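Structural overview for review
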Amino acid sequence: MNTLAFAAITEADISAVRKRHPKAFGNPLVTALKLGSWAFIIVYLAWSLHLFEVGKLFNASDRAWQLISRMLVWRDMETWQYANIYRGIAQTIAMAFLGTLLGTIFALMLAFFAARNTMPGGVIRHAVRRLLDVFRGIDSVVWGLVFVRAVGLGPLAGVLAIWVSDMGNLAKLYSEAIENIDRKQVEGVRATGADTSRIIRYGYLPQILPVFISLSLYSFESSTRSATILGLVGAGGIGMIIIERFRAGLFDQVAFVVLNVLVVIAVIDWGSGLIRKRFIGERGH
Amino acid sequence: MLEFKGLTKQFNSTVAVKPATFTIPDGQMVGIIGRSGAGKSTLLRMINRLNEPSAGQMLFQGREITALKGRDLREWRNECAMVFQQFNLVGRLNVITNVMSGRLFHHGFLSSMAGVFSEKERAFAIRALDRLGMAHTALQQTDTLSGGQMQRVAIARALVQEPRIMLADEPIASLDPLNAKVVMDALRAINQQDGLTVVCNLHTLDTARQYCDRIIGMQDGVIVFDGTPKELTDKAAREIYGAEAEEAFSEALTSTALRPGAVAPAASEARVVN
Amino acid sequence: MASISANGTGQDPVSLFEGHRRQMIRDRMVVNITLLALFLAFLAWSVWISRFTPERLAAGLPRIFEYFGSVMPSLQWDVLFESRNEAGRFPPGSVGFWYNDFWKYLTLIWETILMALTATLIATGLAVILSFLAARNTTPAPWVGVAARRFLEFCRGVPEILFALILVFAVGIGPLAGVIAIVIHATGALGKLFSEVVENASMRPVDGIKAVGGDWFEQMRYGILPQVLPNYTSYALWRFEINVRASAVVGFVGAGGIGAELSHVISFFSDDRVTAVLLLIVLTVTAIDLLSERLRHALIGKEALK
């Protein structure tokens, strides 16, 4: 063994080591590739921000400060029509609940048509899947706008929007759950001589029911979030109140409403977490 | 010279290390023995301040280590390298980068964030790896190595720090006897050839007897023995190990193959390990 | 049998078991019936408060079908792929007629994708830094961790479109407001996921880097980052898919992308232009989902081999 010191390493030592381990000194191609991709990302960001007129950000400080200060200073709190606000929040929750419930019911039917093991016919399965892609691919706010156009302003459009987008999401997730079930358990039930209805009851349901319930609860949580903004396009709920008051320049009230919504959403997440635990135990999904 | 003056560690209500006062002269190889939970690891980790002492002082060459902060503390950690039981290497980086990380203290913010190492550092790292017979693995991803190989990489990383003290926290507890021997031989060689102080936590009595100049025995946070291997009688050892005595002694039986210097570490190469 | 005398009551095990079973079923029945009653009460309350009555639904449904009938394109086979005629116009019933504004839509879709990409890149960068501050095992100081976690919660709690609404007021109409809005929300969402990954990472490499004298930044860069990078990349790609959807919507409040055109088309016309834009969006979103899913699987697959 030889002792060594960093300061004592000479050019000759380096070239001697380089001769024996040339690859340890880094591959120039890899280095160039790394540098190139970082440069590309930076150039892209600079270019795209220029395209989006990032300069506006620096001219906007006056308006931004004005906005922020008016959001933070709450004035005339007795005239804020609280009943209206809380009715809006209640309506939002109700919309999310009804939409998710209807979405769940319809997704249950569609999922079996979209799963490979329950729907061997390729044509129908693919047709159903593409339809689900359309339901999912369009954001619930867009559906909200479409339904407002079709059935008019109000929570009905909101319920329909959540229904359609939840149906798309849930049917896809359900069908994946159905495809992932454990065949052995089903065969075990079949081996006892059970008929089809019993195979479904004891072979399939115990496996997929907890997953389905958990997915629907998750979906309810996310629907509550999307229901709050459906009102921005006129589809009922708290969003309508937010946008009305925002347009009227009542920024302090907007801040108050948003805070309330955040609290309500946190409470719903917590509650649905409790129910999930009850149905599926601690293991979660 | 490393001086301990009443160094104490307290976790909530339990005292892990009761006031410890002793001195380690330069160039000594010290083995700390004792059963698990005796406070060996805490004592060792207090030396490079990975565990903060609750009370007491520690001095190195007259400098008060226990009062260091910020950059000075990091400089001290750079000066006293540590080898861990679980190697504590970055598994997803390659071996040479792991070894070069031993020089991070000398890097500026930008060069360390960008992961840029100089050619001199690369050559130095390869030399260090070569010394432990690991240069051929330089470009492998570290978590593909065996335990024994990883521990040698960890020692190479400690070497490129150019430390003045080498701390080893149960360096062979996760290794099979053959690799344990390679690692202990390497530590002994570093101690004898480079003149580094080596402080080493060991679980097995036999290894400590064979490799160390001095043995410190700990029991429930108290230093109950401090002397040369010869002075450590079987009776004293049984007292240190208490209920774990049989285990420590039987391990000693199985590790009789461990004799220092039987095979030169650089030549051992240990291809067996895979 | 030993077990009969062992339970001390003298009852045989079958009747004991049956007794237990009945008790358990009774207990579960009570809970289930309570839950069902709560569920029904909640349903009734929801129907009442959102005025979702059958007659309103019955009145609404025909209008939905009527509306979707009016926005469907009227395509005719014989002229489907007909090009412009002498007057420079596409004949009615051809794809060209349906997609008269195709290039305009495509420019806007392109802008939408760029918005999502820029926002994802910036949000990922911010989330990486914030995740190290927010994770309980790596936070430099407890109060920094708490502050970072609260900040991330706020960022992901408020929907993009709401941030967009406010930002359009502050920085004016255009994609910049949309990009910033998506950056804020995505930073919150990614920051939380990232910090969970960090909390599950091994702290041993961090100890190793600490022991060589590395500062906090070096501990994160060398100790944590290599461990979490594959997960980070996968999450960032997944977020990109979501951001494409979001950037198609922020235009509703004037924050750039295809959203403004979509909102305009839906609100002012009820003809085939609606389906033209919607179809383009669905195709874009689906294509990006597929692409990103491929990339993610390639990434995870590569990891699984190691």
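Residues numbered from 1 in each chain as written. Chains lettered and ligands numbered in written order. Predicted model: local features only at pLDDT ≥ 70, side-chain atom pairs only at ≥ 80, totals over all residues. Heavy atoms only, no water.

Moving on to the side chain of B:Asn51. Position of B:Asn51 relative to the elements: it lies in the loop between α1 (40–47) and β4 (55–60). Taking the relative accessible area as the measure of exposure, B:Asn51 reaches 15% and is therefore buried. (Helix = DSSP H or I, 4+ residues; strand = E, 2+ residues; numbered from the N terminus. Buried < 20%, exposed > 50% of the residue type's maximum accessible area, 1.4 Å probe, protein only.)

To continue, consider the interface of chain C and chain A. One frequently used descriptor of interface size is the decrease in accessible area upon assembly of the parts. Contacts between chain C and chain A engage 60 residues on the former and 59 residues on the latter. Taking both sides of the interface into account, the surface hidden between chain C and chain A amounts to around 5,300 Å²; carbon and sulfur atoms contribute 80%. In this structure, the connection of chain C to chain A is made through zero salt bridges. Our enumeration of links across chain C and chain A arrives at nine residue pairs in polar contact (both at pLDDT 80 or more). At ten residues, the largest contribution of residues to the side of chain C that touches chain A is made by helix α2 (residues 13–49) of chain C. (Contact = heavy atoms within 4.5 Å. Buried area = accessible area lost by both parts, 1.4 Å probe. Salt bridge = Lys/Arg side-chain N within 4 Å of Asp/Glu carboxyl O. Polar contact = N/O pair within 3.5 Å; in protein donor to acceptor, adjacent residues only side chain to side chain.)

Our next topic: the confidence of the model for chain C. Predicted confidence across chain C gives a mean pLDDT of 85, with 91% of residues reaching 70 or more. Contacts of residues 1–5 of chain C to residues separated by more than four positions or lying in other chains number three contacts, the stretch itself having pLDDT below 50. (pLDDT = per-residue confidence, 0-100.)

Residues and elements named next belong to chain B. The strand order across the open sheet formed by six strands is β6-β7-β8-β3-β9-β10, and the pairing between neighbours is mixed. Strands at the two margins of the open sheet, each flanked by one partner only, are β6 (80–83) and β10 (222–227). On average, each strand axis in the sheet is tilted by 15° relative to the strand beside it, whichever way the strands run. For strand β9 (residues 214–219) and β10, the ladder comprises five bridges, and the chain directions are antiparallel. Following the sheet pairing, Gly-217 is matched in β10 by Phe-225. Lying over the sheet, α1 contacts β3 (29–33), β6, β7 (165–169), β8 (197–201) and β9, oriented at roughly 150° with respect to β7. Sitting on the sheet, helix α2 (residues 70–79) touches β6 and β7, and the angle it makes with β6 is about 60°. (Pairing = 2+ DSSP bridges. Axes fitted to C-alpha atoms, helices over the stretch in contact; angles between N-to-C directions.)

Okay, the interface of chain B and chain A next. If you look at the interface, chain B gives 21 residues, while chain A gives 18 residues. The junction of chain B with chain A conceals about 2,000 Å² of combined surface from both sides, 68% of it contributed by carbon and sulfur atoms. By the criterion of area lost to chain A, the three top residues of chain B are B:Lys120, B:Arg127 and B:Arg131, representing 32% of everything that side buries. Where chain B meets chain A, there are three salt bridges. B:Arg127 is the partner of A:Asp13 in a salt bridge, and the nearest nitrogen-oxygen pair spans 3.8 Å. Taken together, the links from chain B to chain A amount to one residue pair in polar contact (both at pLDDT 80 or more). Elements that contribute at least two residues to the side of chain B that touches chain A include exactly α5 (119–131) and α7 (177–193) of chain B. When residues of the side of chain B that touches chain A are assigned to their parent elements, the largest contribution, eleven residues, is made by α5(B). The residue makeup of the side of chain B that touches chain A, split by class, is ten nonpolar, one polar and ten charged. (Nonpolar A, V, L, I, M, F, W, Y, C, P; charged D, E, K, R; others polar.)

All right, on to a nonpolar patch on the surface then. Residues and elements named next belong to chain A. A contiguous nonpolar patch, built from Val-263, Val-267, Trp-270, Leu-274, Ile-275 and Phe-279 and spanning about 600 Å² of accessible area, is present on the exposed surface. Tracing the backbone shows Ile-275 in helix α12 (residues 251–280). You can call Ile-275 partly exposed: its relative accessible area is 36%. (Patch = residues over 30% accessible without salt bridge, like charges linked within 9 Å, V, L, I, M, F, W, Y side chains within 5 Å. Areas by Shrake-Rupley, 256 points an atom, 1.4 Å probe, with all protein chains shown as cover.)

What follows covers empty space enclosed by the protein. Throughout the structure, instances matching the rule amount to five cavities of 30 Å³ or more. Around the largest cavity sit A:Thr228, A:Ile229, A:Ile242, A:Val258, A:Val261, A:Leu262, A:Ile265, C:Gly157, C:Val158, C:Pro159 and C:Leu162, which together line it. Looking at the lining of the largest cavity, the elements with two or more residues in it are α10 (196–230) and α12 of chain A. In terms of residue count, the dominant contributor to the lining of the largest cavity is α12(A) (four residues). A class-by-class count of the residues in the lining of the largest cavity yields nine nonpolar, two polar and no charged. (1 Å grid on protein atoms, 1.4 Å probe; cavity = no way out; pocket = protein on both sides within 12 Å on 5 of 7 lines; lining within 4 Å. Points joined across faces, edges and corners; volume = space filled by probe spheres on them.)

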